[in-house]
Amino acid sequence: MPANEDTVSLYSDTETRPTPGMRAAMAAAEVGDEQKAEDPTILRLQERVADLLGKEAALWLPTGTMCNLVAVKTHTRPGDALIAEGMAHVIRAESGGAALASGVMVQPIQTERGIFTPAELDAAMDRVVAVPVPYGQPVGLVCVEQTHNFGGGAVWKPEELRAVSACARARGVPLHMDGARLLNACVASGVPAATFAAEVDSVWIDFTKGLGAPIGAVLAGSRDFLAAARRYKQLFGGAMRQAGIAAAGCLYALDHHVDRLAEDHEHARLLARGLSGIDGVAVRTAEPDTNMVFFDIGGLGLSNRKFVDRLAASGVRVSGAGGDIRAVTHLDVSRAGIERAVSVIAGIASATHH
């Protein structure tokens, strides 16, 4: 059920709506045939993202999931192993796309917050590259996710990423970053996007989450990598026509919606503090890194499904995430909305204790 104007939607930051300024920029966009690399607004966006990430080139795609699909296909060969954290989006939330499109076998690394160590990566690669040959298989790609969604919006620190990157490179394996919320990590940590991106061979950013655009993601890397990726973009149906209309919204987001991500992070901390004071609710991280709050409601004696439904009936939307409840702040959620959500959850908790 779509949220109405009175709903506090903490379901996901994908539920943001274009602001009036963004809509105006999209309406005025200069356009051309994107498939032929003739859309001037797309070209400007690609150049800007490549510069932002410190990469040689960048490629527009309609969605972040397609960025991962194209990147995995470009980096790997059928039969390769793909190593990623066990709850990574590329494993958990892309309908098996890596296996279906690229024929790779996933080797997961299980962690608490989505961030693994060089030792854990080495161990995962050792499990795959069995001895003696030919029982093992090549490791084609390692993926990291910044921020890590199902790790509670956790931020990879530069030194953590650098260590994992060195480990992968020492073994000749490329490293890909799912950077759907990379700019959240940058705002939270004060680290430039290019610093994180320098440690990986390919990276993309999504414009349809905290940045608030309705369409689009951009994949960046070397010119050679993107020349190969362009073929798969075409193959998977990612080539578009007058896509500058969408790209204009992304450019507007870069100009107006990056710094304000700090407000979403503050709202997440406000929400976590409010929930921490409610009996029967256990917040996973008292001070969230970014814009996600994961919490357990087992102490309320309700199933997650019943809790989500009761909350929705009171005008607050959240989602289930494994055994937890996930609440995500974004530009369409105000401080008043956070306070209302805490009040409604407190009311549900009080009712279950009587």
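Residues numbered from 1 in each chain as written. Predicted model: local features only at pLDDT ≥ 70, side-chain atom pairs only at ≥ 80, totals over all residues. Heavy atoms only, no water.

Student: Mind showing me how you'd approach the pairing of strand β3 (residues 81-85) here?
Tutor: In the case of a regular strand, side chains alternate between the two sheet surfaces. The buried fraction of β3 amounts to 5 of the 5 residues, a majority that puts the element mostly inside the structure. Of the strand pairs in this sheet, β3 and strand β4 (residues 105-109) are connected by 5 bridges, and their pairing is parallel. Bridging across to β4, Ala84 finds its partner in Pro108. Pairing between β3 and strand β5 (residues 139-145): 3 bridges, direction parallel. Bridge assignment links Leu82 to a residue of β5, and that residue is Leu141. (Buried < 20%, exposed > 50% of the residue type's maximum accessible area, 1.4 Å probe, protein only. Helix = DSSP H or I, 4+ residues; strand = E, 2+ residues; numbered from the N terminus. Pairing = 2+ DSSP bridges.)

Student: Before we go on, may I ask you to explain the pattern of salt bridges in this structure?
Tutor: For side chains of opposite charge, pairing can occur when their charged atoms come near one another. Here the structure, examined in full by the defined rule, presents 19 salt bridges. For the salt bridge of Arg269 with Glu266, the shortest nitrogen-to-oxygen distance reads 3.1 Å. With Arg269 and Glu266 both in helix α12 (residues 261-276) and 3 residues apart, this pair spans about one turn of that helix. Overall, Arg269 belongs to the partly exposed group, its relative accessible area being 22%. On the basis of relative accessible area, Glu266 is assigned to the partly exposed category, the value being 30%. (Salt bridge = Lys/Arg side-chain N within 4 Å of Asp/Glu carboxyl O.)

Student: Sorry, what's going on with the nonpolar core here?
Tutor: Nonpolar side chains in soluble globular proteins tend to end up buried together. Counting residues in hydrophobic clusters, the biggest one holds 59 residues, and the most contacted among them are Leu45, Leu121 and Phe207. Tallying contributions element by element places helix α11 (residues 244-256) first for this core, with 8 residues. The contacts of Leu121, once residues within four sequence positions are left out, are Ile83, Ile109, Phe116, Val142, Val164, Cys167 and Ala168. The next biggest cluster of nonpolar side chains, apart from the first, holds 30 residues, and it includes Leu270, Val283, Leu302 and Val342. (Core = buried A, V, L, I, M, F, W, Y, C linked by side-chain atoms within 4.5 Å. Contact = heavy atoms within 4.5 Å.)

Student: Where do I start with empty space enclosed by the protein in this structure?
Tutor: The rolling of a water-molecule-sized probe over the atoms marks out the regions of remaining empty space. Under the definition given, this model contains 3 cavities of 30 Å³ or more. The volume enclosed by the largest cavity comes to roughly 60 Å³. Along its surface, the largest cavity is lined by Gly179, Ala180, Arg181, Leu182, Leu183, Asn184, Ile205, Asp206, Lys209, Gly210, Leu211 and Leu261. It is helix α8 (residues 182-189) that contributes the most residues to the lining of the largest cavity, 3 residues altogether. Within the lining of the largest cavity, the residues separate by chemical class into 6 nonpolar, 3 polar and 3 charged. (1 Å grid on protein atoms, 1.4 Å probe; cavity = no way out; pocket = protein on both sides within 12 Å on 5 of 7 lines; lining within 4 Å. Points joined across faces, edges and corners; volume = space filled by probe spheres on them. Nonpolar A, V, L, I, M, F, W, Y, C, P; charged D, E, K, R; others polar.)

Student: Help me understand unusual backbone geometry in this model?
Tutor: Among all residues except glycine, the phi angle is most often negative; among peptide bonds, the trans geometry is most common. Between Gln146 and the following residue, Thr147, the backbone shows a cis peptide bond with an omega angle of -10°. A positive phi is found at Ala37, a non-glycine position, where the angle reads about 60°. As for its position among the elements, Ala37 is in the loop between α1 (20-27) and α2 (40-53). Here Ala37 falls in the partly exposed class, since its relative accessible area comes to 38%.

Student: Hey, could you run me through α2 in this one?
Tutor: Count 3.6 residues to each turn of an α-helix, and residues three or four apart come out pointing the same way. An ideal rise of 1.5 Å per residue puts 20 Å on 14 residues; α2 measures up with 20 Å between its terminal C-alpha atoms. When α2 is considered as a whole, its buried residues turn out to be Thr41, Ile42, Leu45, Gln46, Val49, Ala50 and Leu53. Capping the start of α2 is the job of one residue whose side-chain oxygen sits 3.0 Å from the backbone nitrogen of Thr41: Asp39. Directly beyond the C-terminal end of α2, a positive phi value near 70° is found at Gly54. (Expected span 1.5 Å × (residues − 1). Polar contact = N/O pair within 3.5 Å; in protein donor to acceptor, adjacent residues only side chain to side chain.)

Student: Looking at this structure, I do not really get the packing of aromatic side chains. What am I missing?
Tutor: Aromatic ring pairs are reported here in terms of the distance separating the ring centres and the angle at which the planes meet. For the structure on display, the rule yields 3 aromatic pairs. Relative to Phe307, the ring of Phe295 has its centre 6.1 Å away and its plane inclined at 80°; by these criteria the two rings are edge-to-face. A residue pair is termed long-range when its members are at least 10 positions apart, and Phe295 in strand β10 (residues 292-296) and Phe307 in helix α13 (residues 304-313) qualify at 12 residues. Here the two residues Phe295 and Phe307 agree in accessibility, since each one is buried. Looking at Arg92, its charged tip hangs above the ring of Phe150, at a distance of 4.2 Å from the centre. The ring centre of Tyr11 lies 5.1 Å from the NZ or CZ of Arg317, which sits over that ring. (Phe/Tyr/Trp six-rings, centres within 6.5 Å; stacked < 30°, edge-to-face > 60°. Lys NZ or Arg CZ within 6 Å of the ring centre and 35° of its normal.)

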